[in-house]
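Read off the chains here:
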Amino acid sequence: MNNLKKKLLITDVTLRDGNHAISHQISQKQIAIYCEAANSAGVAIVEVGHGNGLGASSLQVGESAVTDKVMLTTARKYLEKSKLGIHVIPGFSTIERDLKPAIDYGVDVFRIASHCTEADITERHIRFCKTQGKTVFGVLMMSHMANKVILADEARKMQDYGAEAIILMDSSGNYLPKDVEEKVSFLKKHLRVSIGFHAHNNLGMGIANSIAAIQAGASLLDGSAKGFGAGAGNAQLEVLVSVLERLGYHTNIDLYKMLDASDIAESALIKSLPVISTTSIVSGLSGVFSGYLKPVKRIAEEYNIDPRDLFFALGEQKVVAGQEDIIIKVAKKLSNS
Amino acid sequence: MIENQNKFITNDCARSFSGAHKQLQSLKGKTLLVTGGSGFMGSWICELVHYMNHEKKMDIKLFLMARNQARFEQNLPHIANSKNIKFIYSDVTGSIVIPKSVNYIVHAAANPDSRFHASQPFQSMKTVALGTGSILEAATRLSNLENILHVSSSAVYSDKFESKEKFSEDLLNIYRDNKLSNYFSQANIYSETLCAAARSELRLPIVTMRPFTFCGPYQSIDSPWAINNFINDAINKRPIRIHHDGEVVRSYMYGSDLAVWLLVILLHAKNGQIYNVGSSDGYMLKDVAKKVANCFSEIPRIMLNTALVDNNNHSVLIPDVSKAEKELSLRIFTDIDTSVEKSVEWYKKQFKYAE
Amino acid sequence: MSQNKYQVAILGSGNIGTDLLIKVQRSNELECVAFVGRNLNSQGMSTALKLGVTISDQSINYFLDHSDCIDLVFDATSAKDHKIHAPIFKRLGIKCIDLTPAKIGPMCVPSVNSLDCLKEININMISCGGQASIPIAAAIASIHKDIEYIEVVSSIASKSAGPATRLNLDEYIQTTEDGLKHFSKAKKTKAILILNPAIPCINMTTTILCKVKNPNISALKKEVAKISSKVQSYVPGYELILGPLLENERIIIMFKVRGLGDYLPKYAGNLDIINCAAIAMSEEYAKVNER
């Protein structure tokens, strides 16, 4: 198979992962502006919603500025060529309360996610979306926390439930390219469905890891405009598209319009461009979920401790995504000692 | 018309029965036990036996052993009241008592939905191993046992559907990758081996069948077979979506044919033999989709390559059934068009579909 | 069969049922007269046999023949099965504590509404998150008349979440949210469940997050202390680990539940709390019966 002609599917997570960067405060207007730009650029899938996905707006992980309904119906209006996607974590979202309305709002792609060792909680959600005739992908979050055999086993469950592709997420930006190569090639060997990769840039490896994934056989990639996402951000989408073009891969994305979209994102949406801050480096090294950056900084300040210590302590606890309540507990312990 | 049996199911049974009526005579006056009785396979065996008793006066007694009595009574109410067909609640992994009069056993309890296997591989494998063991041990205490049919699975051939050729019974274990266990496949290989061991040590008469893909009433519409997905789309008045280019080849055998093949193998196969069961006539899924679409007055559109990702692997999952054809004079009695029409008609009724 | 103890039966011979059995054996008020399931081969059955308890694999049919010596049954089967069992128990005059998500009878949290439940013949134990958080939600409601929003997040060890939990996450969320609303009268409720695979296994951690107008933390501290000691009387491993405190405009209270380790491992506090609550409630029935 001639790699140079290989088609890749790009998912733009600016309006979902980016929500982590501003405590889930993306507004209706910002969604409209960016969706219009991404749609003209020809991005295949635009993912929209609270950072932790459908139904996740809560005191635990942060309340979103606007409801899921507003976010999704607005995005739906401005996406014609591009498909509208959402991130869904069972345990946060339910079929009755969240998925059914999402179908009514016109969502095309349902990415059902679990922690990388808990794939069987996605069974009902995946099956439901399949019987509704929707495109479903499975997502394994914090995938650095499991070895390739466990990951393949979990991914296979999602495949058996009906997922059409499995996305490996490097939620804490912990991977180096060889880690990605090892895991993606193993999954590619053992699964029938396509593999995707979602990078975070905590150790400056967002683009390199994404390319390693493609070269190991992945055919889906996530990225965000200017890298706007949790922690140190994601693979910077317009850079990724440029590199992929140079390597001869087809993404169907118009480069100039993508570059425009990223500038539009910067002016309309992004308060501060993602950087690899000291705390981001630490969260990447300690393997802690990138979405914890803001609450860790806030709570570290409240309890007068070094946020880097807090990250390492959380890493030792092996916290998974969604456990923001533990941050306060660990902070208190550190401040007392 | 047979008491309460769906007229068209009676027709199905009649059609399939007539193709093998001579061979099926051996079941006259006999007692049959089926484990895993409330699924697709068990339901069709019930219907066929009911037909043979009512239309052909064959006085066959049937015991269905399963855990889900409510589902059985719901799906087959006409049979639940029959005096020749009885449900025995039993968990095959527990201690089992088989009625002493049983002459034939069909052990189908070891093959639940592959998604159950996906989420609960441990429970699944335990059921397969312990359940098969329990049935075999209980069978040794029967005075009038003539044969046991062990229902295995096409999964024993490959865990990845990579074949480009039809699977024949000798082609075992060719596509295996030892790094990642395929629980469903291994569980079935284990149970086939266990049966062979039981034959050797306990002198039990056992034959094995490996079922491929089927269609027809009593399948759940969200079961993973593509044909059910097509019907589901059409019944929901959506375009029929095929994720790939539609050139994947599959074959489908209709439920009443399955029941007939199964019983003929049970009655006439020689000890220790293994048979593939299914249709060897492959069809491209895009053609199957067309057949499904044509069953609706408002013909739904068929969309190809609806998967956003390229999962094209053009795999083939077709059995080579020349062994069953030659040795047992079996063939397909219900052609693909009838199979599709009948399946669609069933689901339309189930879902109260209005044209 | 000693006549002065309350005669209880357990239906469902899996891990939950077996753990209940051991708790019943320890109780001064209760005696287990039957341990009933579907499969004599299960480990629960062997455990019961070793303890000298009568066992049966006849499932619900056992009760049709033995109703006269059973006062109460714990149903630890499944929601689907309980819906079939409940009318039968009603007809036979056997009280029932439902540990499934079926929710046929009223919800019960012993530290909050045990008195009201005494007159009922079928009560349900809601969910583990419900048992852990509703006492606190009730405490918040006793001080603040107008609760805008209560949210409960439970983190449990991945190992303590079996297939039934995983397949029924949505039901768990719905049931817990309903329970919270019923007992706190909050305008809006939300339940979140997180599975954590860390080894060593984490104990169940439940965090209650709440939005009220004019939060009164000092009064709340007293109420929370009061009710948590009530809960501790039947769930010894129930421990306040944080709060009540105000952070980022929300009230936060965090509890840890460490299981007793009777049959289930100690980290499975989520399963233990619901069992302890069920036992506590049945002992209340027993005390009433004595009088």
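Quick notes on the rules
Residues numbered from 1 in each chain as written. Chains lettered and ligands numbered in written order. Predicted model: local features only at pLDDT ≥ 70, side-chain atom pairs only at ≥ 80, totals over all residues. Helix = DSSP H or I, 4+ residues; strand = E, 2+ residues; numbered from the N terminus. Rg over C-alpha atoms; globule rule 2.2 N^0.38 Å. Buried ≥ 20, exposed ≤ 12 C-beta atoms within 10 Å, placed from the backbone. Contact = placed C-beta atoms within 7 Å. Expected span 1.5 Å × (residues − 1). Bend = angle between axes of the 7 residues up to and from the residue. Domains from an automatic or database assignment. Nonpolar A, V, L, I, M, F, W, Y, C, P; charged D, E, K, R; others polar. Axes fitted to C-alpha atoms, helices over the stretch in contact; angles between N-to-C directions. Parallel < 35°, antiparallel > 145°, perpendicular 65-115°, else oblique. Pairing = 2+ DSSP bridges. Left-handed = near helix turned anticlockwise from the far one by under 90°.

Along chain A, the regular secondary structure elements total 14 helices and eight strands. By the compact-globule yardstick of 20 Å for 337 residues, chain A fits well, its C-alpha radius of gyration being 18 Å. The dimensions of chain A, computed from C-alpha atoms along their principal axes, are 60 × 45 × 40 Å. Per-residue burial for chain A yields a buried fraction of 65% across its 337 residues. For chain A, contacts bridging at least 24 residues in sequence account for 79% of all contacts bridging at least 6.

The step from C:Gly243 to C:Pro244 runs through a cis peptide bond, and the omega angle for that step is 0 degrees. For A:Lys226, which is not glycine, the phi torsion reads 55 degrees and is therefore positive. On the secondary structure map, A:Lys226 appears in the loop between strand 8 (220-223) and helix 9 (237-246). Judged by C-beta crowding, with 22 C-beta atoms within 10 Å, A:Lys226 ranks as buried. Positive phi, normally seen in glycine, also occurs at C:Asn248, with a value near 55 degrees. Here C:Asn248 is to be found in the loop between strand 10 (238-247) and strand 11 (250-257).

It is worth spelling out the environment of B:Leu328 at this point. All names here are of chain B. Tracing the backbone through its elements, the reader meets Leu 328 in helix 12 (residues 322-328). According to the C-beta neighbour criterion, Leu 328 is buried, with 20 such atoms within 10 Å. For Leu 328 and Pro 121, which are 207 residues apart along the polypeptide, the C-alpha to C-alpha distance reads 35 Å. Ignoring anything within four residues of it in the chain, the contact list for Leu 328 reads Val 264, Ile 265, His 268 and Ala 269.

Glancing now at helix 4 (residues 79-92) of chain C. Residue and element names in this part refer to chain C. Under the 1.5 Å per step criterion, the end-to-end length of helix 4 is 20 Å for 14 residues, consistent within 8% with the ideal 20 Å. The largest bend in helix 4 comes to about 30 degrees, at His 85, with the proline Pro 87 one to four residues further on. All of the buried residues along helix 4 are His 82, His 85, Ala 86 and Phe 89. Against the buried residues of helix 4 lie strand 1 (6-11), helix 3 (60-66), strand 4 (72-75), strand 5 (95-98) and strand 6 (122-124). Gly 93 sits one or two residues past helix 4 and shows a positive phi near 75 degrees.

Another point: the domain arrangement of chain A. All names here are of chain A. Under the domain assignment used here, chain A contains domain 1 (3-268) and domain 2 (278-336). The C-alpha-based centres of domain 1 and domain 2 are spaced at 24 Å. Facing 21 residues of domain 1, the contacting portion of domain 2 comprises 16 residues. Partitioned by chemical class, the residues of the side of domain 1 that touches domain 2 number seven nonpolar, 14 polar and no charged.

How big an interface is tends to be expressed through the accessible area that disappears when the partners come together. Listed as interface residues are six residues of chain C and, on the opposing side, six residues of chain B. A class-by-class count of the residues in the side of chain C that touches chain B yields two nonpolar, two polar and two charged.

Counting from both sides, the interface comprises 27 residues of chain C and, opposite them, 25 residues of chain A. Considering every element that reaches the side of chain C that touches chain A, the biggest residue donor is strand 8 (residues 188-196) of chain C, with six residues. For the side of chain C that touches chain A, the residue count by class is 15 nonpolar, five polar and seven charged.

Take the packing of helix 3 (residues 40-56) of chain B against helix 10 (residues 255-268) of chain B next. Helix-helix packing: each pair is described by the crossing angle between the helix axes and the interaxial distance. Residue and element names in this part refer to chain B. As a packed pair, helix 3 and helix 10 sit with axes 9 Å apart at the nearest point and diverge in direction by 80 degrees. Viewed along their axes, helix 3 and helix 10 adopt a mutual orientation that is roughly perpendicular. Of helix 10, the residues touching helix 3 (which contributes Phe 40, Met 41, Trp 44, Ile 45 and Leu 48) are Gly 255, Ser 256, Leu 258, Ala 259, Val 260 and Leu 262. Class assignment for the residues of the contact of helix 3 with helix 10 results in nine nonpolar, two polar and no charged.

With that settled, the discussion passes to the pairing of strand 6 (residues 206-211) of chain B. All names here are of chain B. In terms of burial, strand 6 is largely enclosed, as six of its six residues are buried. Side chains Ile 206, Thr 208 and Arg 210 project from strand 6 onto one buried face, and the interleaved Val 207, Met 209 and Pro 211 project onto a second face that is buried too. Here strand 5 (residues 147-151) runs beside strand 6; their pairing, made up of four bridges, is parallel. Among the inter-strand pairings, Ile 148 is bridged to a residue of strand 6, identified as Ile 206. With four bridges connecting them, strand 6 and strand 11 (residues 274-277) associate as parallel partners. Following the sheet pairing, Met 209 is matched in strand 11 by Tyr 275.

A word on the sheet that holds strand 6 of chain B. Neighbouring strands of a sheet are bound in pairs by backbone hydrogen bonds; such pairs are parallel or else antiparallel. All names here are of chain B. Pairing is parallel in the open sheet, where seven strands are placed in the order 3-2-1-4-5-6-11. Because the sheet does not close on itself, it has two edges, and the strands there are strand 3 (85-89) and strand 11. Each strand of the sheet is rotated relative to its neighbour by a mean of 20 degrees, with strand direction disregarded. Of the strands in this sheet, strand 1 (31-35), strand 2 (61-66), strand 3, strand 4 (104-107) and strand 5 are in contact with helix 3, which crosses strand 2 at around 165 degrees. Contacting strand 1, strand 4 and strand 5, helix 7 (residues 121-139) runs over the sheet at an angle of about 175 degrees to strand 4.

Attention now moves to the sheet that holds strand 12 (residues 283-284) of chain B. All names here are of chain B. Read across the sheet, three strands follow the order 12-9-14 without closing on themselves; strand pairing throughout is mixed. The sheet terminates laterally at strand 12 and strand 14 (316-317), the two strands that pair on one side only. Here strand 9 (residues 249-250) pairs with strand 12 via two bridges, running antiparallel. By the bridge assignment, Arg 250 is partnered in strand 12 with Tyr 283.

With that settled, consider the packing of helix 1 (residues 15-26) of chain C against helix 10 (residues 269-290) of chain C. Residue and element names in this part refer to chain C. Contact pair helix 1 / helix 10: the axes reach a minimum separation of 10 Å and the direction vectors enclose 50 degrees. Accordingly, the angle class assigned to the pair helix 1 and helix 10 is oblique. The crossing of helix 1 and helix 10 is right-handed. Of the residues in helix 10, those in contact with Ile 16, Asp 19, Leu 20, Lys 23 and Val 24 of helix 1 are Leu 271, Asn 275, Ala 278 and Ile 279.

It is worth spelling out helix 5 (residues 110-117) of chain C at this point. Along helix 5 of chain C, the positions that sit buried rather than exposed are C:Pro110, C:Ser111, C:Val112 and C:Cys117. Buried residues belonging to helix 5 of chain C abut strand 6, helix 6 (128-143), helix 8 (169-184), helix 9 (217-232) and helix 10 of chain C.

Our next topic: the domain arrangement of chain C. Residue and element names in this part refer to chain C. When the domains of chain C are assigned, the result is domain 1 (6-125 + 272-290) and domain 2 (128-267). Each of domain 1 and domain 2 has a C-alpha centre, and these two points are 25 Å apart. Contact with domain 1, which involves 19 residues of that partner, is made by 24 residues of domain 2. Secondary structure elements with two or more residues in the side of domain 1 that touches domain 2: helix 1, helix 5 and helix 10. If you tally residues by element for the side of domain 1 that touches domain 2, the top one is helix 10, at six residues. Across the side of domain 1 that touches domain 2, the residue classes tally to twelve nonpolar, three polar and four charged.

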